Amino acid sequence: MIAKPNKNEIRKNRHLRIRTNLSGTTDRPRLSIYRSTSHIYAQIIDDSKGITLVSCSTIAKGINVKGLTKADAAKKVGQEVAVKAKKEGIKKVVYDRGGYLYTGRVKALADGARDGGLDF
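Heads up: these notes are all about the structure in this document. What you see is a predicted model, and the numbers here were worked out from it, not measured in a lab.

1. Quick look at the nonpolar core
Within the largest apolar cluster, 25 residues are counted, with the highest numbers of intra-cluster contacts made by L31, I33, I44, Y95, L109 and L118. Going through the elements one at a time, β1 (30-35), β2 (40-46), β3 (51-57), α2 (70-87) and α3 (105-115) are the ones with two or more residues in this core. Sequence-distant contacts of L109, defined by excluding residues within four places in its chain, comprise I33, I40, A42, A74, K75, V77, G78 and Y95.

Structure representation (structure tokens):
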């Protein structure tokens, strides 16, 4: 019998390969995302200090995503994380797509963050 590949394990390995060359600094923190089947999460991380500076998700308080498609909700999360980052004085980030392919909700979040004023 042919074994079915575990797509999440493949994604995790891809993410580990990406993270070997990608790191957030104090000047340019890392915008990391996680995509579940129904929600999307984004956080801006300073890897040199090991702290999360800003976070946002579709389940966070103050974000109303009812009636939106998943891609529209991801774009709204991207815009909200950009607004929070501007309040913290963050203008430039490094985009960490978390091993996901750059399409759909991952791209929508990035576009929303760019529309909100983040540079990456």
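2. Side note on the environment of S23
One can find S23 in the loop between α1 (7-19) and β1. Here the alpha-carbon distance between S23 and V94, two residues 71 residues apart in the chain, equals 7.7 Å. With residues up to four places along the chain from it excluded, the contact list for S23 reads R28, D47 and V94.

3. Let's talk about the layout of surface pockets
The calculated volume of the largest pocket comes to roughly 160 Å³. Around the largest pocket, the lining residues are K7, N8, I10, R11, R14, R35, G99, Y100, L101 and T103.

4. Concerning the pattern of salt bridges
This structure, assessed with the given rule, holds six salt bridges. In this structure, the salt-bridge partner of D96 is R30, at a minimum N-O distance of 2.9 Å. Here D96 is found in strand β4 (residues 94-96), whereas its partner R30 is found in strand β1, with 66 residues between them in sequence. For the pair D96 and R30, a shared accessibility class is recorded, and that class is buried. Note that R114 and D111 form a salt bridge whose closest N and O atoms lie 3.6 Å from each other.

5. Details of the packing of aromatic side chains
A full pass over the atoms with the stated rule returns three aromatic pairs. On the numbers, 6.0 Å between centres and 35° between planes, the contact of Y34 with Y41 is tilted. Here Y41 falls in the partly exposed class, since its relative accessible area comes to 29%. Judged by centre distance (5.1 Å) and plane angle (15°), the rings of Y95 and F120 are stacked. In this pair, Y95 sits in strand β4 while F120 sits in the segment after α3, placing the two residues 25 residues apart along the sequence. On the accessibility criterion, Y95 (15% relative accessible area) is buried. You can call F120 partly exposed: its relative accessible area is 22%.

What counts, and at which threshold
- Residues numbered from 1 in each chain as written.
- Predicted model: local features only at pLDDT ≥ 70, side-chain atom pairs only at ≥ 80, totals over all residues.
- Heavy atoms only, no water.
- Core = buried A, V, L, I, M, F, W, Y, C linked by side-chain atoms within 4.5 Å.
- Buried < 20%, exposed > 50% of the residue type's maximum accessible area, 1.4 Å probe, protein only.
- Helix = DSSP H or I, 4+ residues; strand = E, 2+ residues; numbered from the N terminus.
- Contact = heavy atoms within 4.5 Å.
- 1 Å grid on protein atoms, 1.4 Å probe; cavity = no way out; pocket = protein on both sides within 12 Å on 5 of 7 lines; lining within 4 Å.
- Points joined across faces, edges and corners; volume = space filled by probe spheres on them.
- Salt bridge = Lys/Arg side-chain N within 4 Å of Asp/Glu carboxyl O.
- Phe/Tyr/Trp six-rings, centres within 6.5 Å; stacked < 30°, edge-to-face > 60°.

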